[in-house]
Amino acid sequence: MEAAGEEDVAALRQRLAAGGQGHVLRFWPELGAAERRALAAELSAMDVAEINRFFRRARGGGGGGGGTTAAAAGPDARLEPVPRDVLGSASRDRRLLPGWESRGLAEIAAGRVGALLLAGGQGTRLGVPYPKGMCDVGLPSRKSLFHLQAQRLRRLQQLAEERHGTACSIPWYIMTSGRTVESTKEFFQKHRYFGLKKENVIFFQQGMLPALGFDGKILLEEKGKIAMAPDGNGGLYRALGVHGIVDDMERRGVQSVHVYCVDNILVKVADPRFIGFCLEKGADCGAKVVEKTNPTEPVGVVCRVDGVYQVVEYSEISLDTAQKRGPDGRLLFNAGNIANHYFTTSFLKDVVNTYEPQLQHHVAEKKIPHVDIETGQLVQPEKPNGIKMEKFVFDIFQFSKKFVVYEVLREDEFSPLKNADSQNGKDNPTTARHALMSLHHRWVLNAGGHFVDENGTRLPAIPRLKDASDVPIQCEISPLVSYGGEGLEELVKEREFRAPLVIDEDGTHELVRNGM
């Protein structure tokens with residue numbers, strides 16, 4: 001039985017033709033009943049006029065919104081670095097950290113903090129057929145990224161409860177994509193939500209947009225299937241409205257939201273210091289950044305363009321400007337964006353209701369496999385043949401009334417997982433695993449513990465990794481034991497350990513090397 005009757009198909013054909021996209025039904029006569037139902041459902045949910053409008057705006061605007069518009073007019077002369085009065089620093093403001101942390105924990109204890117995870121990415125570049133959050137980077141515990149983040153939330157809830165004497169929860173909003181939603185939900189169910197309450201883990205889905213040829217025509221992935229792609233992490237704001245997520249936040253009393261990407265193994269989920277800093281500053285929007293390592297590092301920079309905060313891509317800044325340094329010797333434009341943000345719920349509500357429709361799509365030119373409309377043959381292009389349109393999560397900085405920046409140490413908080421181990425030796429499972437173990441090694445040293453070699457000789461305390469070939473001491477500390485290095489003295493002080501060392505809820509364990 002066909003879900004789409006003849007009248008429905010005729011109306012669909014007419015609507016598509018009116019929008020210049022009638023070609024997508026070219027192979028309708030060749031499709032089976034199930035394929036017809038699927039294609040009709042996909043097309044019925046698609047606003048062709050809106051897609052055409054997106055295409056015209058994106059192409060007309062040179063392909064950018066937010067960060068990329070600056071490039072067309074040459075942004076260098078209009079760039080200003082982040083001023084010190086809106087900047088908080090984990091290294092330069094050490095005396096203020098306890099106060100910020102206390103403020104953040106008080107908010108968490110009062111149930112006013114939520115965490116929002118951007119988890120729409122597939123592990124394609126990692127060489128795995130499942131969502132990035134399910135990746136296991138080879139830690140002794142074999143915990144996935146999702147597992148580590150869930151346990152950090154549990155520990156944070158515990159810390160807030162211990163300090164304030166009230167039970168609390170941090171709702172965890174997880175934005176998936178059409179490709180990751182089912183496998184992500186199944187993974188959480190299989191692992192019993194990693195000890196979190198099911199009702200406090202809220203899944204929702206970002207939108208999808210069709211891939212288009214350079215002429216604006218929708219491309220077919222198969223004869224009965226549109227080539228679709230997620231609408232970028234900035235699709236978050238539309239999805240928040242479509243799925244009633246901001247309403248849910250308001251119902252729960254959430255006033256501060258930490259938004260972050262799934263692939264950073266060191267992410268401090270709902271970081272109380274970051275949240276406390278933003279609250280102390282009265283901010284409605286904040287960006288956590290790391291200092292750029294060198295002028296040519298390929299990372300976007302948080303700065304002001306014509307007085308408006310945005311992220312400017314590294315490729316849009318001239319080498320002369322990128323190399324400029326301040327009186328302290330640091331790079332002037334050094335605030336590296338790591339997709340780690342603070343928003344008030346009221347600001348998100350304004351974005352959803354007022355600002356999101358004003359955002360322009362960024363255009364990425366891609367090699368998109370597609371069915372040739374004339375021959376019906378699948379084409380695997382050797383050079384870019386079309387575009388995918390997306391929005392970025394930082395596109396809304398421009399609408400903030402009080403924007404702040406919080407700088408953290410890269411070795412403490414940022415090690416992204418983007419590539420497979422076989423690739424360029426950067427941002428892969430090995431570098432992620434090493435970054436976490438190096439951090440945990442430092443925690444043990446800071447808490448008064450020591451590591452010894454097989455002869456019982458103390459190892460030198462130089463755990464920072466200088467390059468990818470350095471191998472850290474194997475040390476893993478469960479997030480349920482310590483969120484940020486706290487609470488370890490009673491477990492490690494004045495004790496000597498042989499690696500590999502695992503510290504979890506059951507105590508300290510020196511593992512045998514066999515099989516590690």
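Residues numbered from 1 in each chain as written. Predicted model: local features only at pLDDT ≥ 70, side-chain atom pairs only at ≥ 80, totals over all residues. Heavy atoms only, no water.

**Section: the nonpolar core**
Soluble globular proteins tend to bury their nonpolar side chains together. Which entries qualify depends on this criterion: Definition of nonpolar core: a set of buried residues of the types Ala, Val, Leu, Ile, Met, Phe, Trp, Tyr and Cys, connected through side-chain atoms within 4.5 Å. Only protein chains enter the accessibility calculation, which uses a 1.4 Å probe; a residue is then buried when its area is under 20% of its type maximum, exposed when over 50%, and partly exposed in between. The secondary structure listing takes helices from DSSP runs of H or I that are at least 4 residues long and strands from runs of E that are at least 2 residues long, numbered from the N terminus. Contact definition: two residues touch when any of their heavy atoms are within 4.5 Å.
Counting 90 residues, the largest nonpolar core has Leu116, Trp172, Leu236, Tyr237 and Leu240 as the members making the most contacts within it. Here this core gets six residues from one element, more than from any other, and that element is helix α6 (residues 145-164). In this view, tyrosine 237 contacts Phe343, Leu348, Val351, Val352, Glu356, Leu359, Phe392, Val393 and Ile396; residues no more than four positions away in its chain are not counted. Core analysis: the second largest hydrophobic core is formed by 29 residues, Leu139, Leu417, Leu439 and Ile473 among them.

**Side note on unusual backbone geometry**
Residue proline 500 is bonded to the preceding alanine 499 through a cis peptide linkage, with omega at 0°. Mapping proline 500 onto the fold places it in the loop between β23 (496-497) and β24 (501-504). In this structure, arginine 192 is a non-glycine residue whose phi angle is positive, near 50°. Here arginine 192 shows up in the loop between α7 (181-190) and β5 (201-205). Given a relative accessible area of 69%, arginine 192 falls into the exposed group. For alanine 270, which is not a glycine, the phi torsion comes out positive at approximately 55°. Note that alanine 270 resides in the loop between β11 (256-261) and α10 (272-281).

**Digging into helix α12 (residues 345-355)**
To be explicit about the condition: Directions pointing from the helix axis toward each C-beta atom define the arc.
Buried residues of α12: Thr345, Phe347, Leu348, Val351, Val352 and Tyr355, and no others. Taken around the axis of α12, the buried residues stretch over an arc of 165°, which confines them to a single face. Residues of α12 that are buried sit in contact with α8 (236-242), α9 (245-252), β11, β12 (285-291) and β15 (335-344).

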